[in-house]
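# Analysis of the macromolecular model
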Amino acid sequence: MQTLEPYLTEHPFLKDLEPRLLKILVGCASNVRFNAGQFVFREGEEANNFYIIRHGKISIEIFAAERGSLSIQTIGEGEILGWSWLIPPYRWRFDARAVELTRAIALDGKCLREKCEMDHDLGYELLKRFAHIITQRLETTRLQLIDIYGIRK
Amino acid sequence: MEHGIFNPMYPTQFRICRVKKETHDTSTFEIEPENSAQSTSFAAGQFNMLYVFGVGEVPISISGNPAKKKRLLHTIRKAGMVTNAIYKLKTGDILGVRGPFGNHWPLENSIGNDIVIAAGGIGLAPLRPALYQLVSQREKYGKIILLYGAKSPQDLLYKQELAHWRNRFDVEVKVTVDSASGSWDGSIGVVTALIPHTHFDPLRTTAMICGPEVMMHYTIKELLKRNVAPENIFLSMERNMKCGIGLCGHCQFGPTFVCKDGPVFRYDRIHTIFGKREI
């Protein structure tokens, strides 16, 4: 049976990861699919996974009682969904819902957290890569905040 | 224009034929010359000075199809004294026009390349003529990719054209908005976030960018990360243009004048002054 190793090896998020560490990740990976409209996770639930999107689109949403669900970002092919599994209290900060049929690789964050505690090389590599993702999200959020399209006449 | 001598400071009368509402604060004005012998030729990326008599002039990019000679299109956001006055005009009213001024997008020099067009907000207007031209000569180019960002789905320009280009299947159209609710099932996020996941050959790509400078700054950053060469990145700059011919100095941008040397600039030629707060 073919494993997910070839796909994960090629993925930019895991580029140049030591083969030994990659093997650990492969052992924690599985294919998942979400139908359009299906929630991947909801705010407040335990965060025990992260996802590499292979195909489709996920909307990250905030639910506001008066305004309903507000989408604040979409995550598409090749992107990483979810970092709350790595940061206490390990609960999702937002909702995530499939906009269309989405196929992804789920990585078992709970299992990885334990492995990171035992193997600090793995922990450091994952933290470096997620710090990059979090920085990108912060940067794009700041650009959204300033309305980068609103100045030119 | 009297005695057949072209005087770039002398406005020509154009009549408003049609006004198409694009968004709550932006409309496209179709105008045609009072004198049918008047040329309406322009190159994609150029702009005109539009003159509301008794009020003033404003530089506006030409947003129509260069191949359609009869009328000129200008997409205008209601933002200041002159544009507010333009919005008070009706079909049949007269506008003064000087132009076209400035240089154009490097479409001829990009033949054979993948083309990445990145537009933010009303920045799609100066790029639409380039898209019309690219699509009309589709076989001459590699991939044609349009990345377009706006504040919300209601702020998107040219929705019909966007749908038309997307339906061609030989133009990749990616549209994203800052926020949305309800029926929007497109992307959400800034336009720069589309670049890392868009497939093109960076070694033979020409990028054309137009939008507010902050948007262009971050778009260039992402393109450089993808190894697009600075000499293959072009951006349309905006300054306070007055005369349109590089005489008055209002639009000075470092050692250049945007009205005459631009508005389209090759990034490697301005990278030392682009984004500098003193300039």
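### Side note on the domain arrangement of chain B
Residue and element names in this part refer to chain B. Taken domain by domain, chain B holds domain 1 (2-101) and domain 2 (108-236). Spacing between the C-alpha centres of domain 1 and domain 2 amounts to 25 Å. If you look at the interface, domain 1 gives 15 residues, while domain 2 gives 14 residues. If you list the elements that add at least two residues to the side of domain 1 that touches domain 2, you get strand E1 (12-23) and strand E5 (72-77). A class-by-class count of the residues in the side of domain 1 that touches domain 2 yields four nonpolar, nine polar and two charged.

### Concerning the interface of chain B and chain A
With 28 residues of chain B at the contact, the number on the chain A side is 24 residues. With three residues, helix H4 (residues 213-225) of chain B is the largest single contributor of residues to the side of chain B that touches chain A.

### Remarks on the environment of Ser59(A)
Within the secondary structure, Ser59(A) sits in strand E4 (residues 58-64). Remark: the alpha-carbon pair of Ser59(A) and Phe39(A), spanning 20 residues in sequence, is separated by 9.4 Å. The contacts of Ser59(A), once residues within four sequence positions are left out, are Ser71(A), Thr74(A), Arg97(A), Val99(A) and Ile188(B).

### A short note on the sheet that holds strand E12 (residues 233-236) of chain B
All names here are of chain B. The sheet built from seven strands is open, its strands ordered E10-E9-E8-E7-E11-E12-E15 with mixed pairing. Across the chains shown, the open sheet's two edge strands, defined by having one partner strand only, are strand E10 (187-188) and strand E15 (264-266). Where H4 meets the sheet, it contacts strand E7 (114-120), strand E11 (205-210) and E12, and its direction lies at approximately 165° from that of E11.

### Some details on the sheet that holds strand E7 (residues 95-98) of chain A
All names here are of chain A. Read from one edge of the open sheet, four strands run E2-E7-E4-E5, paired in antiparallel fashion. Each edge of the sheet is formed by a strand with only one pairing partner; in this case those strands are strand E2 (39-41) and strand E5 (68-75). Between one strand axis and the next, the sheet turns by 35° as a mean value, whatever way the strands run. Here E4 runs beside E7; their pairing, made up of four bridges, is antiparallel.

The rules behind these values
- Residues numbered from 1 in each chain as written.
- Chains lettered and ligands numbered in written order.
- Predicted model: local features only at pLDDT ≥ 70, side-chain atom pairs only at ≥ 80, totals over all residues.
- Domains from an automatic or database assignment.
- Contact = placed C-beta atoms within 7 Å.
- Helix = DSSP H or I, 4+ residues; strand = E, 2+ residues; numbered from the N terminus.
- Nonpolar A, V, L, I, M, F, W, Y, C, P; charged D, E, K, R; others polar.
- Pairing = 2+ DSSP bridges.
- Axes fitted to C-alpha atoms, helices over the stretch in contact; angles between N-to-C directions.

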